[in-house]
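If you want the building blocks of each chain, they are given just below.
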Amino acid sequence: MENNATYSNAVSVWNSKLSKILIPNNIILSLYIFFGIIGNTTVIIVYRFRMRKKSEDRYFIPILAVSDLAGATVCGSFGIALNMMQTEFYNKHLCKAWWFFAAFTTYMSILLLLIIATQRYLKVCRPQGHQMKQFHKRLAVGLSVCLACVLAVPTTALYGSVDFPNADGSVVGARCSKLKEVNKTLTLLYGVIIIVILLTSMTVMIFFYSRIGHKVYVHFKYKKRSHSSGKELTSSNIEEMHTVSSVIVSDEHVTEHKESEREKHEPEVITTKTKSKVKHSTGSADINKRLVHKFTIMFMMITIVFLICYIPKVILIVIEGLNPYFWQNFSDNELPGILFIYRMYIVNNVINPFIYAFMDIDFRKETKKLFSFNTLTSCLK
């Protein structure tokens, strides 16, 4: 009994030492959780209760916010639990459940980003083609939930409470990690499937947003050149330009665009059977420039943040799949750094509200009202 108590105490001392080293990671994860909850909850409240005009292009934003809220909370809290129980995670069922929900929320966010990229691409680059109707959007979300669940299920068989010896093997604890006795072929197959999905998603998003950015750039460049040279535009070109403009503006700047249109746009002056000439004021050109810049920045942020967050994760997943003793190769001083990189994907769940929703003028106005002094005072009464 005394030997068991001494051994247990040694494991606890070792766990306490590792936990102290990982305190900076816990602080970072706590910030992920805090900002993830604040940002995504704000998006949900504003779009659900305060936005009077529902735009079809905003359909995915609250759904994405729910997914990101769950992802930031589950993955962040799971990371803190793992840090606090580096050598004393004995509950295998809790470990499996946590891995499942962490994987599910991660895959769900990625699939939603892919759906949004597809919907944006169809609206801007294929405005005359088939578009995603309400039914298609709901179906896409439903299929994403099912696919994310299917992809997450194997984690319950691959992860659990495993023995974790110290450097000299004198003390053996337990941590929530990948099981060593699982069939290596199945583990490798699952890893390959996940990597293919991640890489495919990244490639598709980069392609779609690159095409969108190019389409918008060419459109406004041609429009500016035509305006400055007084070049006549064919009716087909005018119709195409009007379609692209309405798509771009209606997505995020409905109010600003309508007000500016009423005040600054000049009417059409000449119409023939084959050609039309359109005059635009300087104010309208300035608005178009601002829209180009805002949307270009948004597209760049979406792809860059996604890549920065997930490329390191993909690399580490590959290495972890090839080496079952991957986590045991790091010293106590190296562990915090590698864990920070491994969990950096959570940033994607935290920053999405700022990328997708905070660039919406109507959303910003309603958010300011929501957090205004009068609103907060009335809520406290």
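Look up a bit, the structure's there.
Trainee: Can you lay out helix α4 (residues 92–125) for me, pointing to particular residues and giving the numbers?
Mentor: Along its 34 residues, α4 runs 49 Å from first to last C-alpha, staying within 8% of the 50 Å computed at 1.5 Å per residue. With 24 of 34 residues buried, α4 is to be regarded as a mostly interior element. Two or three places before histidine 93, at the start of α4, stands the capping residue asparagine 91, its side-chain oxygen 3.2 Å from that residue's backbone nitrogen.

Trainee: Residues and numbers for the layout of surface pockets, please.
Mentor: Roughly 700 Å³ of volume is contained in the largest pocket. Lining the largest pocket we find 40 residues, and of these Trp99, Tyr159, Lys313, Glu320 and Tyr342 sit closest to its centre. Counting only elements with at least two residues in the lining of the largest pocket, the list comes to α3 (60–84), α4, α6 (155–158), β2 (172–178), α7 (184–229), α10 (282–322) and α11 (335–342). Element by element, the count of residues in the lining of the largest pocket is highest for α7, at 8 residues. Here the residues of the lining of the largest pocket sort into 27 nonpolar, 8 polar and 5 charged.

Trainee: Could you give an account of the side chain of aspartate 68, naming the residues involved and the relevant values?
Mentor: Looking at the secondary structure, you find aspartate 68 in helix α3. Of the side chains with opposite charge, arginine 120 lies nearest to the buried aspartate 68, which makes no salt bridge, at 12 Å. The contacts of aspartate 68, once residues within four sequence positions are left out, are Asn40, Ser109, Asn349 and Asn352.

Trainee: I'd like a rundown of the pattern of salt bridges, residues and numbers included.
Mentor: Tallied over the entire structure, the rule returns 1 salt bridge. Of the charged contacts in the structure, one is a salt bridge between glutamate 366 and lysine 369, with a shortest N-O distance of 3.7 Å. You can see glutamate 366 and its partner lysine 369 sitting in helix α13 (residues 361–370), 3 residues apart, about one turn around the helix.

Trainee: How would you explain a nonpolar patch on the surface if you had to name every residue and give the values?
Mentor: On the surface, Leu188, Val192, Val196, Ile311, Ile315, Val318, Ile319 and Leu322 cluster together into a nonpolar patch covering about 660 Å² of accessible area. Every element with two or more residues in the nonpolar patch is listed here: α7 and α10. Per-element accounting of the nonpolar patch gives the leading share, 5 residues, to α10. Mapping isoleucine 315 onto the fold places it in helix α10.

Trainee: Give a description of the side chain of arginine 175 that names residues and reports values.
Mentor: Here arginine 175 is to be found in strand β2. The exposure class assigned to arginine 175 is buried, which follows from its relative accessible area of 10%. Only 2.3 Å separates the side chain of arginine 175 from the side chain of glutamine 86, close enough to count as a polar contact. With near-sequence residues (within four places) excluded, arginine 175 lies in contact with Gln86, Phe89, Gly160, Ser161, Val162, Phe164, Trp327 and Leu335.

Trainee: Go over the packing of helix α2 (residues 23–50) against α13 with me, naming the residues and quoting the values.
Mentor: Each packed pair of helices is defined by two parameters, the angle between the axes and the distance between the axes. Direction vectors running N to C along α2 and α13 enclose 100 degrees, while the axes themselves pass 10 Å from each other. Classified by the angle between their axes, α2 and α13 sit roughly perpendicular to one another. Of α13, the residues touching α2 (which contributes Thr42, Val43, Ile45, Val46, Tyr47 and Arg50) are Phe363, Glu366, Thr367, Lys369 and Leu370.

Reading guide: rules and limits
Residues numbered from 1 in each chain as written. Predicted model: local features only at pLDDT ≥ 70, side-chain atom pairs only at ≥ 80, totals over all residues. Heavy atoms only, no water. Helix = DSSP H or I, 4+ residues; strand = E, 2+ residues; numbered from the N terminus. Expected span 1.5 Å × (residues − 1). Buried < 20%, exposed > 50% of the residue type's maximum accessible area, 1.4 Å probe, protein only. Polar contact = N/O pair within 3.5 Å; in protein donor to acceptor, adjacent residues only side chain to side chain. 1 Å grid on protein atoms, 1.4 Å probe; cavity = no way out; pocket = protein on both sides within 12 Å on 5 of 7 lines; lining within 4 Å. Points joined across faces, edges and corners; volume = space filled by probe spheres on them. Nonpolar A, V, L, I, M, F, W, Y, C, P; charged D, E, K, R; others polar. Lys, Arg positive; Asp, Glu negative; His and termini not counted. Salt bridge = Lys/Arg side-chain N within 4 Å of Asp/Glu carboxyl O. Contact = heavy atoms within 4.5 Å. Patch = residues over 30% accessible without salt bridge, like charges linked within 9 Å, V, L, I, M, F, W, Y side chains within 5 Å. Areas by Shrake-Rupley, 256 points an atom, 1.4 Å probe, with all protein chains shown as cover. Axes fitted to C-alpha atoms, helices over the stretch in contact; angles between N-to-C directions. Parallel < 35°, antiparallel > 145°, perpendicular 65-115°, else oblique.

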